[in-house]
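Here is what each chain is made of, one letter per residue.
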Amino acid sequence: MSSSLTLASGPAAERPRRLLIVLGAALIAATYLFLVVVQPAEIAGGMGSTASLVSLFGFLGGGALLVGGILPMLSTSSLVIMPLGIALNIAVGQIAGSLGLQIYLDAIGTVLVAVLAGPAAGAATGAISNAIWGLFNPFALPFAAGAALIGLLAGLAARYGAFRRVYLVPVAGLVVGAVGGLVAAPVAVFMFGAAGTFGTNAIIAVFRSMGDKLLVAATKQGLLSDSLDKIVVFVVVALIVYALPQRAVRQFPFARTYRVLGDRAGNVGARTDAVTDGDAGTGTTGSAAGAAPAPARGNDDGVV
């Protein structure tokens, strides 16, 4: 599960990959701007409208370009976990929505992929999840850009140590959720009149009763609900990855290279390297010159 699918290496090979990633991100951002500027309310009616098809192809196409750019850098384990993350997003998000909760829980798979496989893989997982979900739940489709942003930010948070200490996890969730809420609010207001679940509608109604305009009320609701949602999501993902066997975590080059879990996944690897070095020096496995080389660290999944 740790074999890399790298097709080529070097600066010449990296340029096309980076171009695909940049184009994918640009297409997702452009589709988001299209929705905010044009405000096509008919998208709520399903996949029959032109706006729905444009959004679908924009988000799916952007996600596909991201995957195409990061594919050569992904290990087999990362390619396996991305579909699982997509399925987890849709299943849990659909259940949470049907229950009318004040939080969404539709980014657990995205954050899980981002923590293990990197920010680009997380962004692609988020965008593709909402695009596929939008085939039978049109309310999910316009939020694909925000889902991609959540994956990107979660991967960056993992890269810079947010999951190495338990107390940093909810802080990272709070920050990522606040950004996500700000991005999602215009889409919710301009396209759906801020309509959501029973719980989110109740929060907006409270702010409206205090004299806030609809966009202001929806933004406050997004900051509140999204922040709480991402705190829960980040904590759930942390519990999942902390419970994984260390060997399983080290199958992901991104998690291994950046030691996203710190000593939780690094001690065994360090002890193994120390034993190997000691054996080479004492001659138990041969001379240092004849000792087997250490395993390659692999590519940085999703790091651009």
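Please read all numbers here as calculations on a predicted model, not as lab measurements.

What to know about the confidence of the model for the protein
Looking at the protein, pLDDT values average 81 and 79% of them are 70 or higher. Averaged pLDDT values over the elements of the protein bottom out at 44 in helix H12 (residues 263-282) and peak at 97 in helix H4 (residues 108-117). Here residues 1-7 scores under 50 on pLDDT; set against residues more than four positions off or in separate chains, the count is 22 contacts. Across residues 267-304, where pLDDT falls below 50, the model places 48 contacts with residues more than four positions away in sequence or in other chains.

With respect to the pattern of salt bridges
Following the criterion strictly, the structure yields four salt bridges and no others. Residue Glu14 pairs with Arg18 through a salt bridge whose shortest N-O separation is 3.8 Å. Taken together, the positions of Glu14 and Arg18, both in helix H1 (residues 11-38) and four residues apart, correspond to about one turn of that helix. Given a relative accessible area of 35%, Glu14 falls into the partly exposed group. Residues Lys220 and Asp212 are paired through a salt bridge, measuring 2.9 Å at the closest nitrogen-oxygen approach. According to the relative accessible area criterion, Lys220 is partly exposed, its value standing at 34%. Residue class for Asp212 comes out buried when judged on its relative accessible area of 16%. Put simply, Asp226, Asp229 and Lys230 are held in one network by salt bridges that share partners.

Thoughts on unusual backbone geometry
If you check the backbone angles, Leu105 has positive phi at about 60 degrees while not being a glycine. Note on placement: Leu105 falls in the loop between helix H3 (76-98) and H4. Even without being a glycine, Arg259 presents a positive backbone phi close to 45 degrees. Topologically, Arg259 is positioned in the loop between helix H11 (253-257) and H12.

Notes on the packing of aromatic side chains
Think of a pair of aromatic rings as described by two things: how far the centres are apart, and how the planes are tilted against each other in angle. Under the counting rule described, the total for this entry stands at two aromatic pairs. On the basis of an interplanar angle of 25 degrees and a centroid distance of 5.8 Å, the ring pair of Phe163 and Phe234 is categorised as stacked. With Phe163 in the loop between helix H6 (144-159) and helix H7 (168-192) and Phe234 in helix H9 (residues 214-243), this pair connects stretches of sequence that are 71 residues apart. Accessibility assignment for this pair places Phe163 and Phe234 in one class, buried. Between Phe254 and Tyr258, the ring centres sit 5.3 Å apart and the planes meet at 50 degrees, which makes this aromatic pair tilted. By relative accessible area, which is 18% here, Tyr258 ends up buried.

Re a nonpolar patch on the surface
Judged by side-chain polarity, Val171, Leu174, Val175 and Val179 come together as a nonpolar surface patch covering roughly 300 Å² of accessible area. Tracing the backbone through its elements, the reader meets Val171 in helix H7.

Notes on the nonpolar core
Among the nonpolar cores identified, the biggest contains 59 residues, and Phe59, Val111, Val115, Phe163, Phe234, Val237 and Val260 are the most heavily contacted of them. In contact with Val115, other than residues within four places in its own chain, are Ala158, Phe163, Val237, Val241, Phe254, Ala255 and Val260. Counting six residues, the second largest nonpolar core, distinct from the first, contains Val189, Ile204, Phe207 and Ala217.

Observations concerning helix H2 (residues 50-70)
Helix length check: H2 (21 residues) gives 30 Å between terminal C-alpha atoms against 30 Å at 1.5 Å per residue, within 8%. Those residues of H2 that fall on the buried side of the exposure criterion are Ala51, Ser52, Ser55, Leu56, Gly58, Phe59, Gly62, Gly63, Leu66, Gly69 and Ile70.

Reading the values: rules and limits
- Residues numbered from 1 in each chain as written.
- Predicted model: local features only at pLDDT ≥ 70, side-chain atom pairs only at ≥ 80, totals over all residues.
- Heavy atoms only, no water.
- pLDDT = per-residue confidence, 0-100.
- Helix = DSSP H or I, 4+ residues; strand = E, 2+ residues; numbered from the N terminus.
- Contact = heavy atoms within 4.5 Å.
- Salt bridge = Lys/Arg side-chain N within 4 Å of Asp/Glu carboxyl O.
- Buried < 20%, exposed > 50% of the residue type's maximum accessible area, 1.4 Å probe, protein only.
- Phe/Tyr/Trp six-rings, centres within 6.5 Å; stacked < 30°, edge-to-face > 60°.
- Patch = residues over 30% accessible without salt bridge, like charges linked within 9 Å, V, L, I, M, F, W, Y side chains within 5 Å.
- Areas by Shrake-Rupley, 256 points an atom, 1.4 Å probe, with all protein chains shown as cover.
- Core = buried A, V, L, I, M, F, W, Y, C linked by side-chain atoms within 4.5 Å.
- Expected span 1.5 Å × (residues − 1).

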